[in-house]
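Residue-level structure breakdown
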Amino acid sequence: MKRTLPTYCYAKGKRGYIYFIRRGCKPIRMHERPGTAEFAAEYALAMKGRSQTTPGRTFAGLIKHYKASHRFAKLAPRSKQDYDKVLEFITDRIGDINPVKVQRRHVIAWQSENAQTQRFANYLVQIIRILMERAIDLGWRTDNPAKGVSLLKPEKAAPKAWPHDLVKAYRAAASGPALLIFELCLGTGQRIGDVLRMRWDHLEAGGINVRQGKTGNALWVPLTAPLRAALDATPKGGLTILTNGQGKPLPYKTAQGVVMRVRKSIGADAYSIHGLRHTAASELATLGFSDEDITALTGHSSASMVAHYTESTRQRSRAERIGIARNGTGPEQKR
């Protein structure tokens, strides 16, 4: 069998750690990967009878090992700069801690301590994860306590359903594509991505056939009177219902732009295009349809999701009925 390691180098144990073993000299554990420039430098020292100076088992020492490795060397210059910022922070805050003793709970605690800057907190976990991989390479530990630690996710506010007065104001202020986009989203209760893919030949028997991009669901959705009027006023300039000046499908950015201009003009900045999907569900809830009925039209993945978006609408409808009854105008008082 052809020998692949340099003279005096041997792989030992189940993990195949490489040792420089020469008669009359103490065995030297090699830390770098064969075939790399770092290994060549380490081998040259071993041939002279010296081992490479090994930093102590601290995070500061681990960082020195990592920055001397091929993993760090192959990073792009910009990535090295970004890594250095976090590595300096680690050296300053926990540089004297032994990484061998670190547990998953410690990594989570460090992440939580920096959670006010979410991006940095997540980056910290990612860099610690990389450092722990280096610790495994060095034989310091056999597991990575940072592996599997969930990254922090930004809290996204659920899109709000449009109030009736803003729906009315938008219709009064919009025209052309801005109005058509609005009526397609509100009238069908579909996501803007699916609306932009709707074609004229998808129209059928007073409704429109929809294939949802996110779920793959195939739906038939009846047209509302405002949507039918908007479609009748739109010339067929291309295959898709929404097109640009050249008859090609309207890009999302363009659609968002024309709608945003109207939103700003009526003070509806806080209400998004996606919020129209929830507005449609809320309108159906007000009309008395069940969550299962609404799901059949909007294509939500579950009735429970619809219930989440229509809960406040139903509460208000019930409360209004109670108010009517308590004020003496309900059926109970007319008997």
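The following refers to the structure shown. Throughout, a residue's number is its position along its own chain's written sequence, starting from 1. Where totals are concerned, whole chains, interfaces and linings use all residues; where local detail is concerned, this predicted model gives features only for residues with pLDDT of at least 70, and gives and counts side-chain atom pairs only at 80 or more. The side-chain quantities take in all heavy atoms of the structure and omit both hydrogens and water.

Let's talk about the pattern of salt bridges
Between side chains of opposite charge, pairing is possible as soon as their charged atoms come close. Selection criterion: We define a salt bridge as a contact between a side-chain nitrogen of Lys or Arg and a carboxyl oxygen of Asp or Glu at a distance within 4 Å. Elements are defined by DSSP. Helices are runs of H or I of four residues or more, strands are runs of E of two residues or more, and each kind is numbered from the N terminus. When accessible area is computed with a 1.4 Å probe and restricted to protein chains, residues below 20% of their type maximum are described as buried, those above 50% as exposed, and intermediate ones as partly exposed.
Going through the model one piece at a time under the given rule, you end up with nine salt bridges. Here Asp84 and Lys67 are joined by a salt bridge, their closest N and O atoms 2.9 Å apart. Remark: Lys67 occurs in helix α2 (residues 59-67) and Asp84 occurs in helix α4 (residues 77-94); sequence separation between them is 17 residues. Overall, Asp84 belongs to the partly exposed group, its relative accessible area being 22%. For Lys67, a relative accessible area of 38% gives the class partly exposed. Note that Arg93 and Asp92 form a salt bridge whose closest N and O atoms lie 3.6 Å from each other. Like Arg93, the residue Asp92 is exposed in the burial classification. What emerges from the salt-bridge pattern is a single network uniting Arg71, Arg134 and Asp137.

Points about the packing of aromatic side chains
Each aromatic ring pair is characterised by the separation of its centres together with the angle its planes make. For clarity, the threshold we go by: Note on aromatic pairs: the rings of Phe, Tyr and Trp (six-membered ring only in Trp) are paired at centre separations within 6.5 Å, and the planes decide the class, stacked below 30 degrees, edge-to-face beyond 60, tilted for the rest. Here, a charge over a ring is recorded when the distance from Lys NZ or Arg CZ to the ring centre is within 6 Å and its angle to the ring normal is within 35 degrees.
Going through the model one piece at a time under the given rule, you end up with 11 aromatic pairs. With a centroid separation of 6.2 Å and 85° between ring planes, the pair formed by Tyr83 and Tyr123 is classed as edge-to-face. Residue Tyr83 is found in helix α4, and its partner Tyr123 is found in helix α6 (residues 118-137); the two are separated by 40 residues along the sequence. Judged by its relative accessible area of 17%, Tyr123 is buried. Each residue in the set Tyr8, Phe20, Phe39 and Tyr43 is aromatic and connected to the rest through ring pairs, giving one cluster. Stacked on the ring of Tyr17, the Lys or Arg Arg29 has its end atom at 3.9 Å from the ring centre. Here the guanidinium or amino end of Lys160 rests over the ring plane of Tyr271, the centre of that ring lying 4.6 Å away.

A look at unusual backbone geometry
With phi around 75°, Tyr8 is a residue other than glycine that occupies positive phi space. Along the chain, the position of Tyr8 falls in the segment before β1 (9-12). Given the relative accessible area of 28%, Tyr8 is considered partly exposed. Even without being a glycine, Ala205 presents a positive backbone phi close to 50°. Looking at where Ala205 falls in the secondary structure, it is placed in the loop between β4 (203-204) and β5 (207-211). Residue Ala205 is classed as exposed on the basis of its relative accessible area, which comes to 71%.

Examining the packing of helix α8 (residues 176-188) against helix α10 (residues 225-232)
Note the threshold: Fitted lines through C-alpha atoms give the axes, limited to the stretch in contact for helices. The angle between two N-to-C directions lies from 0 to 180 degrees. Whether a crossing is left-handed or right-handed is set by the direction in which the near helix is turned from the far one by less than a right angle, anticlockwise for left-handed and clockwise for right-handed. In what follows, residue pairs with any heavy atoms lying within 4.5 Å of each other are defined as contacts. Polar here means any residue other than Ala, Val, Leu, Ile, Met, Phe, Trp, Tyr, Cys and Pro, which are nonpolar, and Asp, Glu, Lys and Arg, which are charged; Gly is therefore polar.
In the contact formed by α8 and α10, the axes pass within 9 Å of each other and the chain directions differ by 145°. Like other packed secondary-structure pairs, α8 and α10 cross with a definite hand, here left-handed. Contacts between α8 and α10 involve Leu180, Glu183, Leu184, Gly187 and Thr188 on the former and, on the latter, Pro226, Leu227, Ala230 and Leu231. Tallied by class, residues from the contact of α8 with α10 come to six nonpolar, two polar and one charged.

Describing the pairing of β1
Stated precisely, the cut-off is as follows: DSSP bridges decide pairing: two strands pair if at least two such bridges lie between them.
The pairing of β1 with strand β2 (residues 17-20) spans four bridges and is antiparallel. Residue pairing across strands places Lys12 opposite Tyr17, the latter belonging to β2. Turn length for the β1-β2 hairpin, with the two strands adjacent in sequence and antiparallel, is four residues, and the turn residue Gly13 shows positive phi of about 75°.

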